[in-house]
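Analysis of the macromolecular model
Chain by chain, the residues run as shown.
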Amino acid sequence: MDKTLGDKIPEFNKKTGANGNVGLSGASFSLGDHRTKFETFIIILVAVIIIGGSELLIYAFNVPQYVLPRPSQIATALVTEFPNLWPHLLITLKELFIGFAIGASIGFLLAAVITQFPFVEKVVTPYILLLVTTPMLALVPLLILRFGFGSEPRIIAVALASGPMVMINSATGFRRVDLAKIALARSFGASTFQIFTKIRIPMAMPMIIVGLMVGSIFGLLTTIGAEMVGGAEGLGNRLTYYSALIRMPQFFAIILILAILGISIYVFFFWLGKKWASWEA
């Protein structure tokens, strides 16, 4: 039998969920695929009611700006302060991207190793659980003492927060691969590496993307928290700065930016899931 890669490993049919929509193991990517104009109108209408109602109620009850600013004041602060916030936003994004890239890479490699070597899983799992259950912000002061007040402590904290999320979800996806498919591939002469790259990774892609999504969100939260704990740069530092000066419009403007970042992360992985994992493992 020819054991070269070629076309010897059969292609397996992709499948959709019961309703024909694309699913992602508990985090469906079918949201909004067939949204009607009426549904879009209702969503916009609810947003207008919430924002407009908040504006009117805060104005009618004469709530002080330092307690709760009006949406219009938050929007004005966002526009006027954005040039000053832009450098801090770039620093936050740099720390998030670098830390997430390191953590996700290590987490994916660990997931691949522990699913192939059960002994390694028994050794590594207790430490992974320790990282998952320990708030990374508690380690930031210790990291600052060791690495100073630069970006390094925050990058390490992000990597430690995001890596376990990627590893756990990726390992779960690797284990859920149908053993019959692996047995069939072996009967066609596929090696362990070929099975991993051509079967395990594609079939586990939904869970891998879920892990990347959760890991990036954990990374964002850790980045902001670490910047609030130590350092003089980043959006987290600006939150502490504006709250200390009771400049609430600027404070809520940063909250709005962070909300947009979080939504952008979700939308990106939503698109990635539709492109690379448009089926359920």
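1. Here's the deal with the overall build of the protein
- Helix and strand counts for the protein come out as 9 helices and 0 strands.
- Ordered by position from N to C terminus, the α and β elements of the protein give α-α-α-α-α-α-α-α-α.
- Burial status across the protein gives 39% buried among its 281 residues.
- Expressed as a percentage of contacts within the protein between residues at least 6 apart in sequence, the contacts between residues at least 24 apart total 75%.
- Of the roughly 15,900 Å² that the protein leaves accessible, carbon and sulfur atoms contribute 70%.

2. What about the nonpolar core?
- Formed by 40 residues in total, the largest nonpolar core has its most connected members in Phe174, Leu235, Ile254, Leu258 and Phe269.
- Broken down by secondary-structure element, the contributors of at least two residues to this core are α2 (71-116), α3 (118-133), α5 (152-175), α7 (192-229), α8 (235-244) and α9 (248-276).
- Element by element, the count of residues in this core is highest for α2, at 12 residues.

3. Let's talk about unusual backbone geometry
- Its identity as a non-glycine residue notwithstanding, Asn62 has a phi of 55°, on the positive side.
- Along the chain, Asn62 falls in the loop between α1 (37-60) and α2.
- In this structure, Ile246 takes a positive phi of about 55° despite not being glycine.
- As for its placement among the helices and strands, Ile246 is situated in the loop between α8 and α9.
- Assessed through its relative accessible area of 49%, Ile246 is described here as partly exposed.

4. Thoughts on the packing of aromatic side chains
- In total, this model carries 8 aromatic pairs according to the counting rule given.
- Arranged with centres 5.9 Å apart and planes meeting at 45°, the rings of Phe82 and Trp86 form a pair that is tilted. Here Phe82 pairs with Trp86, and both are found in helix α2, just 4 residues apart, close to one helical turn.
- Relative to Tyr242, the ring of Tyr241 has its centre 5.3 Å away and its plane inclined at 65°; by these criteria the two rings are edge-to-face.
- Take Tyr241: its relative accessible area is 37%, and that puts it in the partly exposed class.

5. Looking at the packing of α2 against α9
- The interhelical angle for the contact between α2 and α9, taken along N-to-C directions, is 50°, at an axis separation of 8 Å. Here α2 is positioned oblique relative to α9, judged by the angle of their axes. Here α2 and α9 pass one another in a crossing that is right-handed. Listed contacts from α9 to Gln73, Ile74, Ala77, Leu78, Glu81, Phe82, Leu85, Leu89, Leu93 and Phe100 of α2 are Pro249, Gln250, Phe252, Ala253, Ile254, Leu256, Ile257, Leu261 and Phe269.

6. Some thoughts on the pattern of salt bridges
- All chains considered together, the criterion is met by 5 salt bridges.
- Of the charged contacts in the structure, one is a salt bridge between Arg154 and Glu95, with a shortest N-O distance of 2.7 Å. Of this pair, Arg154 sits in helix α5 while Glu95 sits in helix α2, and the two are 59 residues apart along the sequence.
- Arg175 is the salt-bridge partner of Glu121, the closest N and O atoms lying 2.4 Å from each other. Taken together, the residues span a long stretch of sequence, with Glu121 in helix α3 and Arg175 in helix α5 at a distance of 54 residues.
- In this structure Arg175 comes out as partly exposed when scored by relative accessible area, which is 44%.

7. A look at the confidence of the model for the protein
- Mean pLDDT over the protein: 85, with 86% of residues reaching 70 or higher.
- Highest mean pLDDT in the protein belongs to α2 (95); lowest belongs to α3 (85).
- This model gives residues 1-33 a pLDDT under 50, and the stretch forms 63 contacts once residues within four places in sequence are excluded.

8. Observations concerning the environment of Ala277
- Of note, Ala277 is situated in the segment after α9.
- A relative accessible area of 0% means that Ala277 is categorised as buried.
- C-alpha of Ala277 to C-alpha of Ile208: the two residues are 69 residues apart in sequence and 9.5 Å apart in space.

Parameters and conventions
- Residues numbered from 1 in each chain as written.
- Predicted model: local features only at pLDDT ≥ 70, side-chain atom pairs only at ≥ 80, totals over all residues.
- Heavy atoms only, no water.
- Helix = DSSP H or I, 4+ residues; strand = E, 2+ residues; numbered from the N terminus.
- Buried < 20%, exposed > 50% of the residue type's maximum accessible area, 1.4 Å probe, protein only.
- Contact = heavy atoms within 4.5 Å.
- Areas by Shrake-Rupley, 256 points an atom, 1.4 Å probe, with all protein chains shown as cover.
- Core = buried A, V, L, I, M, F, W, Y, C linked by side-chain atoms within 4.5 Å.
- Phe/Tyr/Trp six-rings, centres within 6.5 Å; stacked < 30°, edge-to-face > 60°.
- Axes fitted to C-alpha atoms, helices over the stretch in contact; angles between N-to-C directions.
- Parallel < 35°, antiparallel > 145°, perpendicular 65-115°, else oblique.
- Left-handed = near helix turned anticlockwise from the far one by under 90°.
- Salt bridge = Lys/Arg side-chain N within 4 Å of Asp/Glu carboxyl O.
- pLDDT = per-residue confidence, 0-100.

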